[in-house]
Amino acid sequence: MTINPLETLVPSYINTFNAYIPSKPDPELKKLFGCSTLYRLNNNENPLGPPPAVQEMLSRFSPPRAAIYPSGDSYYLREKLAEKFKLHPDQILVGNGANEVITFVIKAFCEAGDNIITADKTFAVYEWVAIFSGYEARLVPLKEFSFDDEAMLAQVDERSKIFFVCNPNNPTGTYWNHDKLCAFLDRVDGRQIVVIDEAYCEFVDKEDFPDGIALIDRYPNLVIFRTFSKMYGLAGLRIGYLAGSLEVVNIIRRTCVVYSVNTLAQEAAILALEDSNHIEHTRQLVHEEKAYLHRELTRLGLSFVMNEGNYLMVRLPMSDTLAYRKLMPKGVMVRTMTGFRFPNYIRITIAPHEAMEAFIRGLEAIL
Amino acid sequence: MSLKRMNKISLELGLSTDMLPVFLAVVEKSALAFTMAEREAMFLTLAAEEVFTYLAQAGTVEESVRMVLSDGGYYIRLDFIFSNRSLNLRAFNLSNSIDLSDENRLDEIGLLIAARTVDRILIEFNKQGSMQLSLVKDKSYPQGQVQAIKTTSESAPLNSTLHFTQPDNNDLKLFCQMIPSFYSSESFPDFFNYPGKVVDMVSSGEYQAILAYDEQDHILGGLVWEQNIRKTVEFYGPYSFNDRPQIAEGILEQCLQELGRSEASGIMNRSAEKGLYAQYFETLGQTHLVKPDGTVLERTAIYRQLGEDPGSRVWTHPDLVGYLETEYHRLYLPREILPSVSMGEHANPFSVYTAAFEQRTITLRVLLAGKDAEENLLKHLQLFQQENYLNIFFELDLGQTWQAEMVPTLLASHFKPCFIIPNAGTCDVVLFQYQAGTGELK
């Protein structure tokens, strides 16, 4: 008998990588923790849902169309985005959520021995995709909760291929302003690809916040990520995109899996782009509830990190994972932050007032 | 955070004693090449010979066995991977003895010798029909010298900047030798007495260390934890050589950040000071360590999860349900407790236990439950008491349904549950302590 253990087939960087286990569906969680309602404050979704026109379109989607393949490269959506941002449609690639376009970029530019550079306390997927693809992820500590440009540049060597900057950063909400971003791109001087992940850019109304897409002409090595999962309320349909110079996007396209974005997602995204009122309504809700949380968290004597985006972080005088288990039976689901390398912090998604009140009540009860 | 690549030598041989010289030559030469001392290499080779001979006698020449010899840095591990068939694991019980006049059991003598000459034995049953028997032999190291190192209390004034980083080998050895100057021997595990071993443990990737330094790079404290071994990792420390609370807190923060995106689901310390670090950890419960002079030292186990608890099912005997319900409620752990009782189905005739030794404590685990479980456990207890071991624990895995049948045996044998360790096995583990060995707690 010949015995061939599975581990001999698996690359070492996969053997040591741990699969991410997403949270269970709501009915399972309610049963597990014994709660009748559940406020999901863990995924930074838009509590207002998709814009009204999108909701209406979704309700009248003809079921037989489900049998037909979608546009393989999101043809009409790319045209719409190109028109909106004054780009050529071929400067845009649409993916099954922004997570997929992260994979496209890393596959396009990295080979064995290469590295990517990002922060230690930011969205985890840049780091994960690099590691489980066999590349090094160089993680630079945040400086005062913000990406540290100088320290990132100091990490560069001849095998550095891509910078990933989350702007504004998830979970700290800090951002590089226009001048800082341009100064960084000037220093990089085209030697690496610079990815700016603008997943939460629509929540920022500061004048000095940079519009990354408008900088593509000036910096051909710049790639911008955006998503329909946050402001546009389409997280359940999984759709995001990247934009860059024609030269760079033509390379990334080689690693792009076509037909990965479904018909509903493409059509919903086109309609979502047309509704500017939805952005205003959402910003208003975020603004009001942040003010409420600011007052209440101050009253409770808790320190917190509240900057841009539809989220904030709260530092607790207890383990964040214990707080999660104590809040769940009260119907409040938060994101624990030890996994983001912020032990004892929780991240809260801004939601309607009823949910914010439930969160504050729950927090008071467990402290 | 990845496990460093270890040197491995593997070979696949037919199950024939003709192959024995080849195999033994590989084991011995490899062990020496992996920097094991001659004495330990000889013991490992002897154990390897006994197991191979047993397998060859029990198998057929058409069968083969795959052997993998791995250099774990501070130990060498020899895996035998073979088709799953009757292997009398009873011989691996520490309490086992064989009457030389009993011809039916003479073939087990080799396995008995093997069990006695290595430090750990691991057995895994593979669902694809193979079985893996692993022999682990630790390397030997010289004991560290507790040097007259100047205390560092004056070297870290309140306004000085601290930094926390992974140490080089020299700093790590120095740190190990500083601990006994500040802490009693019960407060740290035995391996810190062997600084070279700690360096190899960290170099292997199975452990990691963080030290705290002041601006002049004086060592102010540190912490060591295991990784890549179990889902719930154990940590040792933080040991602080200075009164500033920021030292221990900074070390803990750094450790938690390092583990935040690792494969570990939780982190625990079995020997913490009560109430310390309450803002970071939950209290699991207490154990009681009997010292040689008969006094009893209470030890508190602390724990925290590193991610969001997904909930799970545990299996147990009805006799333990009440305890589990109370503890899971106290710990806010969502668990579905399911009963597992024997209903007359076939049972193994013999049980098998493994024993892990650490200073004056022994931790038993069950490899196979069997009809003789209580009698076998009693034999183990008698042996440990003869050897004057006073602190005896038992770890029961609630994710293994078959282990539930051990509960009545444990309770009848004066073991009492101390606490639950979440996700320490295939699911949660209950730690029992033998009560007759706890001094005034009798």
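Residues numbered from 1 in each chain as written. Chains lettered and ligands numbered in written order. Predicted model: local features only at pLDDT ≥ 70, side-chain atom pairs only at ≥ 80, totals over all residues. Heavy atoms only, no water.

1. Some points on the sheet that holds strand β8 (residues 219–226) of chain B
Residue and element names in this part refer to chain B.
In step 1: The sheet built from seven strands is open, its strands ordered β6-β7-β8-β9-β10-β12-β11 with mixed pairing. The sheet is open, and its two edges are formed by β6 (163–165) and β11 (282–290), each paired on a single side. The sheet shows a mean angle of 25° between the axes of neighbouring strands, taken without regard to direction.
In step 2: Both β6 and strand β7 (residues 207–213) contribute to a ladder of three bridges, which runs antiparallel. The residue of β7 that forms the bridge with histidine 163 is tyrosine 213.
In step 3: Seen against the sheet, helix α4 (residues 169–182) touches β7, β8 and β9 (232–240) and runs at an angle of roughly 100° to β8. (Pairing = 2+ DSSP bridges. Helix = DSSP H or I, 4+ residues; strand = E, 2+ residues; numbered from the N terminus. Axes fitted to C-alpha atoms, helices over the stretch in contact; angles between N-to-C directions. Contact = heavy atoms within 4.5 Å.)

2. Some thoughts on the nonpolar core
In step 1: Counting 112 residues, the largest nonpolar core has Ile162, Phe228 and Phe359 of chain A as its most contacted members.
In step 2: Each of domain 1 (6–50 + 277–366) and domain 2 (52–273) of chain A accounts for three or more of the residues forming this core.
In step 3: Setting aside anything within four residues of it in sequence, one finds phenylalanine 228 of chain A in contact with Leu77, Leu81, Gly233, Leu234, Ala235, Ile239, Gly240, Tyr241, Ala269 and Leu273 of chain A.
In step 4: Residues Leu13, Ile76, Phe82 and Leu135 of chain B belong to the second largest nonpolar core, which totals 37 residues. (Core = buried A, V, L, I, M, F, W, Y, C linked by side-chain atoms within 4.5 Å. Buried < 20%, exposed > 50% of the residue type's maximum accessible area, 1.4 Å probe, protein only. Domains from an automatic or database assignment.)

3. Considering the pattern of salt bridges
In step 1: According to the stated counting rule, one finds 36 salt bridges over all chains in the structure shown.
In step 2: With a shortest N-O distance of 3.1 Å, glutamate 253 of chain B and arginine 315 of chain A are connected by a salt bridge. Placement of the pair is glutamate 253 of chain B in helix α6 (residues 245–259) and arginine 315 of chain A in strand β10 (residues 311–315), with the two residues belonging to separate chains.
In step 3: A relative accessible area of 15% means that glutamate 253 of chain B is categorised as buried.
In step 4: Arginine 315 of chain A sits in the partly exposed class, given a relative accessible area of 24%. (Salt bridge = Lys/Arg side-chain N within 4 Å of Asp/Glu carboxyl O.)

4. Re helix α8 (residues 178–188) of chain A
All names here are of chain A.
In step 1: Within the sequence span of α8, burial applies to Leu181, Cys182, Phe184, Leu185 and Val188. One side of α8 carries all its buried residues, which in axial view fall inside an arc of 160°.
In step 2: For α8, the secondary structure elements touched by its buried residues are α7 (149–154), β5 (160–166), β6 (193–197) and β7 (222–227).
In step 3: One side-chain oxygen at the N-terminal end of α8 lies 3.2 Å from the backbone nitrogen of aspartate 179; it belongs to asparagine 177.
In step 4: Downstream of α8 by a residue or two, aspartate 189 has a phi angle that is positive, lying close to 55°. (Arc of directions from axis to C-beta. Polar contact = N/O pair within 3.5 Å; in protein donor to acceptor, adjacent residues only side chain to side chain.)

5. A few points about the domain arrangement of chain A
Residue and element names in this part refer to chain A.
In step 1: Assigned domains of chain A: these are domain 1 (6–50 + 277–366) and domain 2 (52–273).
In step 2: Each partner contributes residues to the interface: domain 1 has 29 residues there, and domain 2 has 36 residues.
In step 3: Buried surface at the junction of domain 1 and domain 2, summed over both partners, amounts to about 2800 Å²; 64% is from carbon and sulfur atoms.
In step 4: A salt bridge links lysine 206 to glutamate 308; its shortest N-O distance comes to 2.6 Å.
In step 5: If you look at where domain 1 meets domain 2, you find 13 residue pairs in polar contact (both at pLDDT 80 or more).
In step 6: Mapped by element, the contributors of at least two residues to the side of domain 1 that touches domain 2 are α1 (12–15), α11 (276–299), β10 and β12 (345–349).
In step 7: Counting residues per element, the side of domain 1 that touches domain 2 draws most heavily on α11, which supplies five residues.
In step 8: The residue inventory of the side of domain 1 that touches domain 2, partitioned by class, reads 15 nonpolar, nine polar and five charged. (Buried area = accessible area lost by both parts, 1.4 Å probe. Nonpolar A, V, L, I, M, F, W, Y, C, P; charged D, E, K, R; others polar.)

6. Points about the packing of helix α5 (residues 98–109) of chain A against helix α6 (residues 125–132) of chain A
All names here are of chain A.
In step 1: Where α5 meets α6, the axes come as close as 10 Å, and the angle between the chain directions of the two elements is 45°. Classified by the angle their axes make, α5 and α6 are oblique. Helix-helix and strand crossings are classified by hand; for α5 and α6 the assignment is right-handed. Here Asn99, Ile102, Thr103 and Ile106 of α5 lie close against α6, whose contacting residues are Val125, Tyr126, Val129 and Ala130.
In step 2: A per-class count over the contact of α5 with α6 returns six nonpolar, two polar and no charged. (Parallel < 35°, antiparallel > 145°, perpendicular 65-115°, else oblique. Left-handed = near helix turned anticlockwise from the far one by under 90°.)

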